[in-house]
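Chain by chain, the residues:
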Amino acid sequence: MTISDTKNKYADCIKTRNGYFVNVFKPDPATIDIRDIAFALARMPRFGGHTNEFFSVARHSVAVHNMMQTNELRLCALLHDASEAYLIDIPSPIKQHLPEYKKIENGLMQVIADKFGFQWPLPQIVKDADEVQLEAEWEELMTLEKLFHEMVDFETDERMFLEAFYALKK
């Protein structure tokens, strides 16, 4: 298959690390892979990358997960930003002006929620925890200088995300 054949066949798709072609406009659960989600979110910066130090969406998701009291809520929290693995993390002040993006995001999140067995739309407690974590990250990443002194590596964030996921699926 030539590159132009591939472009035509998968015109509305992105190719993931694990070789899936994901159509975010008509998502197929068979192409959604937790390993792709962890990989992408571990490499995706919060706040559009405008932080004093790198902080991944995966690390954010694990932090929100850690705030929950039940496995059901932990799974919701861990995967609350899973669509960003395929759509990227658009900062909220921009995203609120993109109704078509939000429609695509909602459709993709519903497929992800159905595949992995969590509630979508998210329960209010998860939304509230996400907001608390956002505020903490804002304070630490945007206003304080060099709070985090550890070297952040993508593999660590990816591993933390996957370990949290697999612990919930036992």
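See the structure shown above.
As the structure is a prediction and not an experimental result, all values here were calculated from the model. (Residues numbered from 1 in each chain as written. Predicted model: local features only at pLDDT ≥ 70, side-chain atom pairs only at ≥ 80, totals over all residues. Heavy atoms only, no water.)

With respect to the overall build of the chain
What counts here: Strands here are runs of E lasting at least two residues and helices are runs of H or I lasting at least four, both read from the DSSP assignment and numbered beginning at the N terminus. As a reference, a globule follows 2.2 Å times the number of residues to the power 0.38, and the radius of gyration itself is taken over C-alpha atoms. Exposed residues in this analysis have more than 50% of their type's maximum accessible area, buried residues have under 20%, and partly exposed residues fall in between, with area computed by a 1.4 Å probe over protein chains only. Contacts between residues were defined by any pair of non-hydrogen atoms, one from each residue, lying within 4.5 Å. Residue exposure ignores everything except the shown protein chains as possible cover, and the areas themselves are Shrake-Rupley values with a 1.4 Å probe. Only four residue types enter the charge count: Lys and Arg as positive, Asp and Glu as negative, with His and the chain ends excluded. Every charge is mapped to an atom, namely NZ of Lys, CZ of Arg, CG of Asp or CD of Glu.
Regarding its fold elements, the chain presents nine helices and two strands. Listing the helices and strands of the chain from first to last along the sequence gives α-β-β-α-α-α-α-α-α-α-α. Against the compact-globule benchmark of 15 Å for 170 residues, the chain has a radius of gyration of 16 Å, which places it among compact chains. Viewed in the frame of its principal axes, the chain has a C-alpha envelope of about 50 × 35 × 35 Å. Taking all 170 residues of the chain together, 44% fall into the buried category. Look at the contacts in the chain between residues 6 or more apart in sequence, and 66% of them connect residues 24 or more apart. Of the accessible surface of the chain, which amounts to about 9,600 Å², a share of 55% is contributed by carbon and sulfur atoms. Of the side-chain charges in the chain, 19 are positive and 27 negative, and the distance between the mean point of each set is 7 Å.

Some points on the packing of aromatic side chains
Rules: Ring geometry is summarised as follows: Phe, Tyr and Trp rings, the Trp one being its six-membered ring, pair when their centres sit within 6.5 Å, and such pairs are stacked at plane angles under 30 degrees, edge-to-face over 60 and tilted between the two.
A full pass over the atoms with the stated rule returns five aromatic pairs. A centroid spacing of 5.7 Å and a plane angle of 65° characterise the contact between Phe47 and Trp138, whose relative ring orientation is edge-to-face. Highlighted residues: Phe47 in the loop between helix H2 (34–42) and helix H3 (57–66) and Trp138 in helix H8 (residues 124–143), separated in sequence by 91 residues. Residue Phe47 is classed as buried on the basis of its relative accessible area, which comes to 16%. The partly exposed category is assigned to Trp138, whose relative accessible area is 43%. Between Phe165 and Tyr166, the aromatic rings sit 5.4 Å apart at their centres with planes inclined by 70°, giving edge-to-face as the arrangement. Looking at Tyr166, the relative accessible area reads 41%, which means it is partly exposed. Through successive ring pairs, a cluster of aromatic residues spans Phe116, Phe165 and Tyr166.

Re the pattern of salt bridges
The condition is simple: The salt bridge criterion pairs a side-chain nitrogen of Lys or Arg with a carboxyl oxygen of Asp or Glu, the two atoms within 4 Å.
A complete count under the given rule lists eight salt bridges for this structure. A salt bridge links Arg46 to Glu137, with the shortest nitrogen-to-oxygen separation between them at 2.7 Å. Pair noted here: Arg46 is in the loop between H2 and H3 and Glu137 is in helix H8, with a separation of 91 residues, a long-range link. With respect to burial, Arg46 and Glu137 carry one shared label: buried.

With respect to unusual backbone geometry
Trp120 connects to Pro121 through a cis peptide bond whose omega is 0°. Mapped onto the elements of the fold, Pro121 is located in the loop between helix H7 (99–116) and H8. In this structure, Phe47 is a non-glycine residue whose phi angle is positive, near 55°. With a phi angle near 75°, Ile88 is a residue other than glycine that sits in the positive phi range. Along the chain, Ile88 falls in the loop between helix H5 (84–87) and helix H6 (92–95).

A short note on the side chain of Asp81
With respect to the secondary-structure elements, Asp81 resides in the loop between helix H4 (71–78) and H5. Dropping the residues within four chain positions of it, Asp81 is found in contact with Leu41, Arg46, Val57, His60 and Ser61.

A short note on H2
Of all the nine residues making up H2, eight are buried; the element is thus mostly covered by neighbouring parts of the structure. At its buried positions, H2 is contacted by H3, H5, H7 and helix H9 (154–168).

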